[in-house]
Amino acid sequence: MKIASINVNGIRAAVERGFLDWLADQDVDVVCVQNLKAKSFELDDSILYPEGYEGYFLDAEQDGFSGVGLYCRKIPKAIMYGLGFEQCDNEARFLQADYDRFSIASFLMPDGSDYTAKQSFMSQYQEYLSKMARKRREYIICGTWHIAHKTVDLANWADNQTTPGFKPEERAWMDQMFGPTGFIDTFREVNRDAGEYTWWPKLDQDVPRSRQEGWRIDYQIVGPNFRRHVVDAWIDREATFSEFAPLIVEYDLTL
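Because the structure is a prediction, the values reported are computed rather than measured.

K.L.:
Which residues make up the nonpolar core, and what values do they have?
P.N.:
Core analysis: the largest hydrophobic core is formed by 34 residues, its most contacted members being I3, V30, I104, I140 and Y251. Sequence-distant contacts of Y251, defined by excluding residues within four places in its chain, comprise M1, I3, I140, T186, Q220, V222, H229, V230 and V231. If you look at the next biggest cluster of nonpolar residues, it comprises 28 residues, including A14, L154, F166 and W215.

K.L.:
Give a description of helix α6 (residues 168-178) that names residues and reports values.
P.N.:
Along α6, the residues that are buried comprise E170, W173, M174, M177 and F178. End-on, the buried residues of α6 take up no more than an arc of 130°, which puts them together on one face. If you follow the buried residues of α6, they end up packed against α5 (115-134), β9 (184-185) and β10 (218-222).

K.L.:
Please give an account of the side chain of T181 that cites residues and values.
P.N.:
Within the secondary structure, T181 sits in the loop between α6 and β9. Residue T181 is classed as buried on the basis of its relative accessible area of 12%. Leave out the neighbours within four places in its chain, and T181 touches Q126, L129, S130, A133 and Q176.

K.L.:
I'd like to hear about the UniProt feature "domain: Endonuclease/exonuclease/phosphatase" (unreviewed entry) in the chain, residue by residue, with values.
P.N.:
Residues annotated by UniProt as "domain: Endonuclease/exonuclease/phosphatase" (unreviewed entry) correspond here to residues 4-237. Annotation note: span residues 4-237, helix share 24%, strand share 24%, distance between end C-alpha atoms 13 Å.

Parameters and conventions
Residues numbered from 1 in each chain as written. Predicted model: local features only at pLDDT ≥ 70, side-chain atom pairs only at ≥ 80, totals over all residues. Heavy atoms only, no water. Core = buried A, V, L, I, M, F, W, Y, C linked by side-chain atoms within 4.5 Å. Buried < 20%, exposed > 50% of the residue type's maximum accessible area, 1.4 Å probe, protein only. Contact = heavy atoms within 4.5 Å. Helix = DSSP H or I, 4+ residues; strand = E, 2+ residues; numbered from the N terminus. Arc of directions from axis to C-beta. UniProt positions renumbered as here; feature names shortened; annotations may be inferred.

Pasting the structure below:
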């Protein structure tokens, strides 16, 4: 089973730059998309239902803002929209597909432009993650967390220690999630290298991404029981329909 996660930063703009062509070339079972910046009723059927996939979407109340989606080859048993707290649900930041043995979620953390709002979200989300970790069901949570966890996860980290996305309290929050709460960073299970980024804030299309200063702020998170199922993980830097790159993880599981 392969799962891809990608912050499209505007689904219609991403489609114009080749997102659907990229999707058609992927042998991926579920694609989690974030930051749609469009309401689903505004989208063409070619975007809602690409060949071979069933699309599910959660729209933000605000126009042109946030939004998450799931493209699934196999129809889920159920879809869960939101997490039950206003900030998350009104801003369309969490969408979950339930299968027999586990659930797959598309998730978008606030970016920190309103840092107080991001802190509020993190506090409420931590409560949910703690409850989730105690359940018998397994979860794969995919998306943009807007936090680089370690110094290896961004270029020029020394100059970004007061920047939202790398503040000490944000990194401590990630320490809690990957420590006592018990979740696993699947990418770091198979790749410990520096220079592995998913977002380039000053993306220059004329310069290879490998030579640009980036951040790794996109994750696929699983519980400790799924650590053994992670086969491989990689970032598709060649996909340039967004300033974010797809994160793809292969699991020895079937839907």
